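Listed here are the chains, written in short residue letters.
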Amino acid sequence: MERLSLTETPLLPKLKLFLALSRTPHGLLDLATPGLAALLSLGGFPSLGVTALSLITVFAGYTAVYALNDVVDYRRDKAKISEGGPTGGGYLDEVMVRHPMAHGLLSFKEGLAWALAWGAVALLGAYLLNPVCALIFILGCALEAVYCFMLQMSHWRVLVSGVVKTLGGVAAVFAVNPNPSPLFLVLLFGFVFFWEVGGQNVPADWHDLEEDRRWHAKTVPVHYGPEASSRIILGSLSLALLLLFPLMAVSPLQFPWSLLALAVGAGLYLLIIPAFRLYRTQERSQATVLFNKASYFPLAVLMITLVALLG
């Protein structure tokens, strides 16, 4: 009952709990990926109206999808919390309360209403930008639910996660460019997919490895073990970094060598070096460090892209 009383104190107002449900600190970082995709595809800035509507839509979309994850996993998360599990350790997704519904800080109805409300905003905004974007959003929500249901079915759910994360970027491209280059879309898909697998999904599952073993979850670290998982991570992130440069090359935007070198440095610092340290040590703490650093990579590339646009 002590957890429930927290909702009545100024320390954890309802809004903060709702934002925690949607993992907003991480979600805000994720906004960089569609922003990067749109700018690279267009080679410039969209109109002010399109930019404003896109920002609202993308924020609503990520807010809804992250909340949907907790809605679908509500019973499982609640059961896990009742038995206790590893928390903390500097994990980015634990900056705010993790799984507030399962902790009893928000009711299931409140969480569902929050997810549906933001989902409606995202769907409307996506449709106004381009009906194709609305279809992509619906597909992303469906695949996110599939991803959650596959937790105790197959470790291949990692592929579903990779696809879901790419859809935000793909939708952003169609929002600003109704007829994008197929080659650009393929390169964008590969770049985001391998970044998500190696820098987000597998390290996050490594963070929860002991808990997942107890619950017989099917994840890459549980199925393959630490050594093979570290190889998958290092290989995936290497591919993501390699794919970034042909993606930049097919963009209408021109990148000078100095900015390309800066992108290499960002990739080494935020992806490859942490992945190599994880490969050498195979420690949970290093998986957490990798997850946190890799989360900033799309933002770093977005900043480099903005410099190219404004330079």
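Residues numbered from 1 in each chain as written. Predicted model: local features only at pLDDT ≥ 70, side-chain atom pairs only at ≥ 80, totals over all residues. Heavy atoms only, no water.

**Considering the overall build of the protein chain**
Right, on to step 1. For the protein chain, the helix and strand inventory stands at 15 helices and zero strands.
Right, on to step 2. On C-alpha atoms alone, the protein chain measures out to a radius of gyration of 19 Å, which is about the 19 Å that the 2.2 N^0.38 rule sets for 311 residues.
Right, on to step 3. For the protein chain, the spread of C-alpha atoms along the principal axes amounts to about 55 × 45 × 35 Å.
Right, on to step 4. Burial analysis of the protein chain (311 residues in total) assigns 54% to the buried set.
Right, on to step 5. Restricting to contacts in the protein chain with at least 6 residues of sequence separation, those with at least 24 account for 80%.
Right, on to step 6. Approximately 13900 Å² of the protein chain is accessible, and the part contributed by carbon and sulfur atoms is 70%.
Right, on to step 7. Computing the positive centroid from 20 side-chain charges and the negative centroid from 19, the protein chain places the two 1 Å apart. (Helix = DSSP H or I, 4+ residues; strand = E, 2+ residues; numbered from the N terminus. Rg over C-alpha atoms; globule rule 2.2 N^0.38 Å. Buried < 20%, exposed > 50% of the residue type's maximum accessible area, 1.4 Å probe, protein only. Contact = heavy atoms within 4.5 Å. Areas by Shrake-Rupley, 256 points an atom, 1.4 Å probe, with all protein chains shown as cover. Lys, Arg positive; Asp, Glu negative; His and termini not counted. Charge placed at Lys NZ, Arg CZ, Asp CG, Glu CD.)

**Points about the pattern of salt bridges**
Right, on to step 1. Within this structure, the stated rule accounts for seven salt bridges.
Right, on to step 2. Taking the shortest distance from any N to any O, the salt bridge between aspartate 70 and arginine 23 comes out at 3.1 Å. Of the two residues, aspartate 70 sits in helix H5 (residues 48–72) while arginine 23 sits in the loop between helix H2 (14–21) and helix H3 (24–30), which places them 47 residues apart along the sequence. In terms of burial, aspartate 70 and arginine 23 fall into one category: buried.
Right, on to step 3. We note a salt bridge from aspartate 30 to lysine 165, for which the minimum N-O separation is 3.9 Å. Taken together, the residues span a long stretch of sequence, with aspartate 30 in helix H3 and lysine 165 in helix H9 (residues 157–176) at a distance of 135 residues.
Right, on to step 4. Overall, the relative accessible area of 2% leaves aspartate 30 in the buried class.
Right, on to step 5. Take lysine 165: its relative accessible area is 11%, and that puts it in the buried class. (Salt bridge = Lys/Arg side-chain N within 4 Å of Asp/Glu carboxyl O.)

**Re the nonpolar core**
Note on soluble globular proteins: their nonpolar side chains tend to be buried together.
Right, on to step 1. Leu188, Phe191, Ile233, Met248, Phe255 and Phe297 are the most contacted members of the largest nonpolar core, which totals 57 residues.
Right, on to step 2. Per element, the largest residue contribution to this core is 11 residues, and it comes from helix H10 (residues 182–207).
Right, on to step 3. Beyond its immediate stretch of four places on either side in the chain, isoleucine 233 contacts Gly198, Val202, Pro203, Trp206, Ala275, Leu278 and Leu290.
Right, on to step 4. Of all hydrophobic cores here, the second largest spans 11 residues; its members include Leu17, Met101, Leu105 and Ala115. (Core = buried A, V, L, I, M, F, W, Y, C linked by side-chain atoms within 4.5 Å.)

**Structural notes on a nonpolar patch on the surface**
Right, on to step 1. Side chains of Trp156, Leu159, Tyr224 and Ile232 sit close together on the surface and give an oily, nonpolar patch of about 370 Å² of accessible area.
Right, on to step 2. Mapped onto the fold, isoleucine 232 is located in helix H12 (residues 220–250).
Right, on to step 3. Residue class for isoleucine 232 comes out partly exposed when judged on its relative accessible area of 30%. (Patch = residues over 30% accessible without salt bridge, like charges linked within 9 Å, V, L, I, M, F, W, Y side chains within 5 Å.)

**Here's the deal with the confidence of the model for the protein chain**
Any region with low pLDDT has predicted coordinates that should not be read closely.
Right, on to step 1. Residues of the protein chain with pLDDT of at least 70 account for 92%, and the chain-wide mean is 90.
Right, on to step 2. Helix H1 (residues 2–5) is the least confidently modelled element of the protein chain, averaging 42 in pLDDT, while helix H13 (residues 257–281) averages 97, the highest of any element.
Right, on to step 3. Across residues 1–11 the pLDDT falls below 50, and counting only partners more than four positions away or on other chains, this stretch makes 10 contacts in the model. (pLDDT = per-residue confidence, 0-100.)

**Looking at helix H7 (residues 108–129)**
Because each turn of an α-helix spans 3.6 residues, side chains separated by three or four positions end up pointing in the same direction.
Right, on to step 1. Its 22 residues place the ends of H7 31 Å apart at the C-alpha level, agreeing with the 32 Å of an ideal helix rising 1.5 Å per residue.
Right, on to step 2. Looking at the buried residues of H7, the elements they touch are H2, H5, helix H8 (131–149) and H9. (Expected span 1.5 Å × (residues − 1).)

**Thoughts on the packing of H12 against helix H15 (residues 297–310)**
For any two helices packed against each other, the geometry comes down to the angle between their axes and how far apart the axes lie.
Right, on to step 1. Look at H12 against H15: their axes get within 13 Å of each other, and the N-to-C directions meet at 25°. Relative to H15, the element H12 lies roughly parallel. Considering the relative orientation of H12 and H15, their crossing is right-handed. Counted together, Leu241, Leu244 and Met248 of H12 and Phe297, Val301 and Ile304 of H15 form the full contact between these two elements. (Axes fitted to C-alpha atoms, helices over the stretch in contact; angles between N-to-C directions. Parallel < 35°, antiparallel > 145°, perpendicular 65-115°, else oblique. Left-handed = near helix turned anticlockwise from the far one by under 90°.)

**Here's the deal with H2**
Right, on to step 1. Along H2, the residues classified as buried are Leu17, Phe18, Ala20 and Leu21. Down the axis of H2, the smallest arc covering the buried residues is 160°, so these residues share one side.
Right, on to step 2. Buried-residue contacts for H2 involve H5 and H7.
Right, on to step 3. Just downstream of H2 lies arginine 23, where phi reads positive at about 50°. (Arc of directions from axis to C-beta.)

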